[in-house]
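Report on the structure
So you can see what is in the structure, the chains are spelled out below.
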Amino acid sequence: MIRVEKEGIKLQVQVQPRHSKNEWGRLIYNDNRQWIQLKVTSPPVDGAANKACIKFISKQFKTAKSNISIIQGEKSRYKVFFVREYDEDKLREFKQAYPA
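This text gives an overview of the structure that appears in the document.

Calculation criteria
- Residues numbered from 1 in each chain as written.
- Predicted model: local features only at pLDDT ≥ 70, side-chain atom pairs only at ≥ 80, totals over all residues.
- Heavy atoms only, no water.
- Helix = DSSP H or I, 4+ residues; strand = E, 2+ residues; numbered from the N terminus.
- Expected span 1.5 Å × (residues − 1).
- Buried < 20%, exposed > 50% of the residue type's maximum accessible area, 1.4 Å probe, protein only.
- Contact = heavy atoms within 4.5 Å.
- Pairing = 2+ DSSP bridges.
- Phe/Tyr/Trp six-rings, centres within 6.5 Å; stacked < 30°, edge-to-face > 60°.
- Salt bridge = Lys/Arg side-chain N within 4 Å of Asp/Glu carboxyl O.

**Notes on helix α1 (residues 48–60)**
- The end-to-end C-alpha distance of α1, which contains 13 residues, comes to 18 Å, matching closely the 18 Å that a straight helix rising 1.5 Å per residue would cover.
- Taken together, the buried positions of α1 are Ala 49, Asn 50, Ala 52, Cys 53, Ile 54, Phe 56, Ile 57, Ser 58 and Gln 60.
- Against the buried residues of α1 lie β2 (9–16), β3 (23–30), β4 (33–39), β5 (68–72), β6 (78–83) and α2 (88–97).
- Lys 62, located one to two residues past α1, shows a positive phi value of around 50°.

Here it is as structure tokens:
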């Protein structure tokens, strides 16, 4: 679900578009991997859901949107985001809410 690396963190997310509000969901398992749901209001059209995810994650970890990239699954519900220059306190809060 989340892995801290030297350059930043990798975040495994299962995106649920067209939801009533932007929020984290529950932990799920797929392909023997743990993912966290990210519910976004945007539809999966023309990259709108991807942009909504990046905006939400940037607020979650207090970093610029330019510090977040999709490194796997750009056109899939299952995505891996890479986050650089994040707030350590926000990472700790996230790990407490979603222990691996």
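Now, onward.
**Section: the pairing of β5**
- Sheet topology note: the β5/β6 ladder contains four bridges and is antiparallel. Paired with Ile 70 across the bridge in β6 is Phe 81.
- Hairpin connection, β5 to β6: the antiparallel pair is bridged by five residues, and Gly 73 has positive phi, about 80°.

**Quick notes on unusual backbone geometry**
- A positive phi angle is found at Asp 31, which is not glycine, with a value near 55°.
- Judged by relative accessible area, which is 64%, Asp 31 ranks as exposed.

**A closer look at the packing of aromatic side chains**
- Evaluation of the coordinates by the stated rule reveals five aromatic pairs.
- Summarising the aromatic geometry, the rings of Trp 35 and Tyr 78 are spaced 5.0 Å apart at their centres and angled 70° between planes, so their arrangement reads as edge-to-face. Of the two residues, Trp 35 sits in strand β4 while Tyr 78 sits in strand β6, which places them 43 residues apart along the sequence.
- Judged by its relative accessible area of 25%, Tyr 78 is partly exposed.
- When the ring of Phe 94 is compared with that of Tyr 98, the centres are 5.3 Å apart and the planes differ by 35°; the resulting orientation is tilted. For the pair Phe 94 and Tyr 98, one class covers both residues: buried.

**Here we look at the pattern of salt bridges**
- Summed over all chains, the structure comprises five salt bridges.
- Residues Arg 3 and Glu 5 are paired through a salt bridge, measuring 3.1 Å at the closest nitrogen-oxygen approach.
- Under the relative-accessibility criterion, Arg 3 is labelled partly exposed at 47%.
- Notably, a salt bridge pairs Glu 93 with Lys 90, separated by 3.7 Å at the nearest N-O pair. Here Glu 93 pairs with Lys 90, and both are found in helix α2, just three residues apart, close to one helical turn.
- A residue is classified by how much of its surface remains accessible, and Glu 93, at 43% relative accessible area, is partly exposed.
- Linked by salt bridges that have partners in common, Arg 3, Glu 5 and Lys 10 make up one network.

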